[in-house]
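Read off the chains here:
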Amino acid sequence: MEPEENIKLHAIMIPVPLQGHIVPFINLAIKLASKGLTITIVNTQQIHQRLMKAQSISDGTLDYDIFSEARKSGLDIQYTTISDGFPLNFDRAGNHDQYMEGLFHVFSAHVDDLVGNLVNSNHNPPVSCLIADTFYVWPSEIAKKYNLVNISFWTEPALAFTSYYHMDLLRINGHFGSQDYREDMIHYIPGVDAIEPGDLPSYLQDPEPWGIMHRYIFKSLEDARKADVIICNTVQELESSTISALQEIKPFYALGPIFPNGFTKSIPTNLWRESDTVPWLNSKPKGSVMYISFGSLANITRQDTLEMAHGLLLSIVSFIWVVRPDNTWNLLPSRFEDDVKDRGLVVPWCSQIDVISHPAIGGFLTHCGWNSVLESIWYKVPMLCFPILTDQFTNRKLVVSEWKVGFDLCSGRILRQQEIAQKIDCFMTEADKLRINLEETRKKLEYTLSKNGSSGSNYKQLIIDLKSRIL
Ligand code: UDP
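## Some words on the overall build of the protein chain
Part 1: Assigned secondary structure in the protein chain consists of 18 helices and 13 strands.
Part 2: A globule of 471 residues ought to have a C-alpha radius of gyration of about 23 Å, and the protein chain, at 22 Å, matches this closely.
Part 3: Dimensions of the protein chain, computed from C-alpha atoms along their principal axes, come out at roughly 65 × 55 × 45 Å.
Part 4: Among the 471 residues that make up the protein chain, the fraction classed as buried is 59%.
Part 5: Roughly 19800 Å² of accessible area belongs to the protein chain as shown, and the carbon and sulfur atoms make up 50% of that amount.
Part 6: Taken as two groups, the 42 positive and 54 negative side-chain charges of the protein chain have centres that lie 3 Å from each other.

## Observations concerning the sheet that holds strand 13 (residues 406–408)
Part 1: Read across the sheet, six strands follow the order 10-9-8-11-12-13 without closing on themselves; strand pairing throughout is parallel. Edge positions in the sheet fall to strand 10 (344–347) and strand 13, since each has one partner strand and no second. Taking the axes of each pair of neighbouring strands and ignoring which way they run, one obtains an average angle of 20° across the sheet.
Part 2: Where strand 12 (residues 383–385) lies against strand 13, three bridges are found, and the strand directions are parallel. Looking at strand 13, one finds that C385 is bridged to D408.
Part 3: The sheet contacts of helix 15 (residues 392–402) involve strand 12 and strand 13, and relative to strand 13 the element is tilted by about 115°.

## Looking at the packing of helix 6 (residues 158–165) against helix 9 (residues 240–249)
Part 1: Here helix 6 crosses helix 9 at 45°, and the two axes come no closer than 9 Å. Taken together, the axes of helix 6 and helix 9 lie oblique to each other. Regarding helix 6 and helix 9, the two cross each other, and that crossing is left-handed. Here helix 6 contributes A158, L159, F161, T162 and Y165 to the contact with helix 9, which in turn contributes T242, I243, L246 and I249.
Part 2: Taken together, the residues of the contact of helix 6 with helix 9 break down into seven nonpolar, two polar and no charged.

## Quick look at helix 4 (residues 96–119)
Part 1: In a regular helix each residue adds 1.5 Å, so 24 residues correspond to 34 Å; helix 4 covers 32 Å between its end C-alpha atoms and thus fits that length.
Part 2: Considering bend angle alone, the principal kink of helix 4 is centred on L103 and spans about 45°.

## Focus: helix 15
Part 1: Among the 11 residues that make up helix 15, nine are buried, leaving the element largely enclosed by the rest of the structure.
Part 2: Among the residues making up helix 15, those that are buried are Q392, F393, T394, N395, R396, K397, L398, V399 and V400.
Part 3: Buried residues in helix 15 make contact with helix 6, helix 14 (370–378), strand 12 and strand 13.
Part 4: Just downstream of helix 15, K404 is the residue with a positive phi angle, here 55°.

## A word on the site of the ligand
Part 1: Around the ligand sit 18 residues in total, of which S296, C350, N371, S372 and E375 are the nearest.
Part 2: H367 is positioned with one of its side-chain polar atoms (N or O) 2.9 Å from an oxygen atom of the ligand.
Part 3: Note that an oxygen atom of the ligand is positioned 2.8 Å from one of the side-chain N or O atoms of N371.
Part 4: Out of a free accessible area of 530 Å², the ligand has 93% covered by protein chains.
Part 5: Every element with two or more residues in the shell around the ligand is listed here: helix 1 (19–34), strand 8 (289–293) and helix 14.
Part 6: It is helix 14 that contributes the most residues to the shell around the ligand, four residues altogether.
Part 7: Residues of the shell around the ligand, tallied by class, amount to six nonpolar, 11 polar and one charged.

## Here we look at unusual backbone geometry
Backbone geometry follows two general trends: most residues other than glycine have a negative phi, and most peptide bonds adopt the trans configuration.
Part 1: Between N124 and the following residue, P125, the backbone shows a cis peptide bond with an omega angle of 0°.
Part 2: In this fold, P125 is placed in the loop between helix 4 and strand 4 (129–133).
Part 3: A cis geometry characterises the amide bond from G256 onward to P257, with omega recorded as -5°.
Part 4: Within the secondary structure layout, P257 lies in the loop between strand 7 (252–254) and helix 10 (278–282).
Part 5: With a phi close to 70°, R335 is a non-glycine residue in the positive phi region.
Part 6: Along the chain, the position of R335 falls in the loop between strand 9 (318–322) and helix 12 (336–340).
Part 7: The phi dihedral of K341 is positive, around 50°, even though this residue is not glycine.
Part 8: Take K341: it is sitting in the loop between helix 12 and strand 10.

## Overview of the packing of aromatic side chains
Part 1: Following the criterion strictly, the structure yields 21 aromatic pairs and no others.
Part 2: For the ring pair F161 and F252, a centre distance of 5.8 Å and an interplane angle of 55° mean the geometry is tilted. With F161 in helix 6 and F252 in strand 7, this pair connects stretches of sequence that are 91 residues apart.
Part 3: On the basis of relative accessibility, which here comes to 2%, the residue F161 falls in the buried class.

## Things to note about the pairing of strand 6 (residues 229–232)
Part 1: Side-chain alternation along strand 6 places V229 and I231 on one buried face and I230 and C232 on a second face that is also buried.
Part 2: Here strand 6 runs beside strand 7; their pairing, made up of three bridges, is parallel. When the sheet's bridge partners are listed, I230 is paired in strand 7 with F252.
Part 3: The β-α-β motif built from strand 6, the intervening helix 9 and the parallel element strand 7 has right-handed crossover chirality.

## Digging into the confidence of the model for the protein chain
Part 1: Of the residues in the protein chain, 97% have a pLDDT of 70 or more, and the chain-wide mean is 93.
Part 2: Across the whole predicted complex the pTM is 0.96, and at the interface the ipTM reaches 1.00.

## Looking at the sheet that holds strand 3 (residues 77–82)
Part 1: Taken together, seven strands build an open sheet; the order of strands is 3-2-1-4-5-6-7 and the sheet is parallel. Each edge of the open sheet carries a strand with a single partner, namely strand 3 and strand 7. Along the sheet, successive strands turn relative to each other by an average axial angle of 20°, direction set aside.
Part 2: In terms of strand pairing, strand 1 (residues 10–14) meets strand 4 through four bridges, oriented parallel. Following the sheet pairing, M13 is matched in strand 4 by I131.

What counts, and at which threshold
Residues numbered from 1 in each chain as written. Predicted model: local features only at pLDDT ≥ 70, side-chain atom pairs only at ≥ 80, totals over all residues. Heavy atoms only, no water. Helix = DSSP H or I, 4+ residues; strand = E, 2+ residues; numbered from the N terminus. Rg over C-alpha atoms; globule rule 2.2 N^0.38 Å. Buried < 20%, exposed > 50% of the residue type's maximum accessible area, 1.4 Å probe, protein only. Areas by Shrake-Rupley, 256 points an atom, 1.4 Å probe, with all protein chains shown as cover. Lys, Arg positive; Asp, Glu negative; His and termini not counted. Charge placed at Lys NZ, Arg CZ, Asp CG, Glu CD. Pairing = 2+ DSSP bridges. Axes fitted to C-alpha atoms, helices over the stretch in contact; angles between N-to-C directions. Contact = heavy atoms within 4.5 Å. Parallel < 35°, antiparallel > 145°, perpendicular 65-115°, else oblique. Left-handed = near helix turned anticlockwise from the far one by under 90°. Nonpolar A, V, L, I, M, F, W, Y, C, P; charged D, E, K, R; others polar. Expected span 1.5 Å × (residues − 1). Bend = angle between axes of the 7 residues up to and from the residue. Near = heavy atom within 4 Å. Polar contact = N/O pair within 3.5 Å; in protein donor to acceptor, adjacent residues only side chain to side chain. Phe/Tyr/Trp six-rings, centres within 6.5 Å; stacked < 30°, edge-to-face > 60°. Right-handed = clockwise from strand over helix to strand, strands pointing away. pLDDT = per-residue confidence, 0-100.

And the structure:
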């Protein structure tokens, strides 16, 4: 027996407290546990409270264990919560900068205490790895302090990671943070044939990148350079040259697509209460409905919301539109729902997977959040793309220009009602042109998860790699 076979890994996993990060972290926790790891996954108390309320499990008791069902099925997963440094009822969105400063400074002290307690708890197997979200600024310090393998989990595509990773190269070449900003094509990022400056993550497009979010993101990417291993929710078969170039620099494992499996159904992951859309969808013909969602974070402006609403009224296509209740800009025109009658359904949140897997869905007007992109490909739903911030511009490039499984909603970044109506109406008939590519791309996802596919074997390699680091 190899010495590694006696080693049992125990990883602490800490997602950034945002919907688009909690989903892949929870799915990955289940996946790693099903491969024999012991997992302790950590949510902030505020996120835990929202999960409980959204699922009507309770009004937020901290002792409810969201993994109890998974554990009954034999998975070794512990769940715990910590304070993010703010009172539970603190308005985080309304005090964004103060909250970000807190995540910078105060939250890391709470993480330090928690990790210290877990490391010293005589847990069997002992904690050996830290799997922190790449967007945190503290993992290298904490991993070093407690002698843990530092695994940075990047929940976006490799193309976005490598753009940030080569930020200095962009700076030197005048494509970022420069007085003489260049707008021509970028050809020098290793493993990336060519990328337009407008396809970089939005934080790399700002002429004055000095805001708190910039500082936070750039510092976290600096910290990721010190990680022992990077893991990523992407697919080697889809981003092979970018990933190969990154592997020259660091151990980089593509583990995607990291989707829910049987156990995950029992685990609450939604931060908003889901509306039941299925009866409405059941009443619609096959492939006739456009699903519209801009995800959990991005807000479109009040003007864009009005253009979108009027565009939908002008269009003849049926739609489900997710308008989050927290988004005060999303003020629909009065009588919108009356005017649209049974052709449209507006919901504050839904089970996206239930919606896009429904046969009535014929297209997805999306902000190109990375989870949404992977989910859409998996359910073979063509995309109409309207990126708003962060990696969504980069993801759009992959969807529209590289894999050709989506079209752009508009040529620029400004929404106009006539253009929206015309694009949506055309899209529902022209989307057939995308279906061959969708079939092929979906097959790549299926293959990568199979026994011989790269994600399947990357899990095996990752586990061998981690064990060798703690020997
Ligand atoms: N989602 C959902 N219901 C909705 C909107 C989104 O379940 O009404 C889920 C979606 O399936 C995805 C996640 O929320 O897993 C959003 O992540 P994504 O990366 O697409 O976008 P983000 O919210 O991070 O911008």
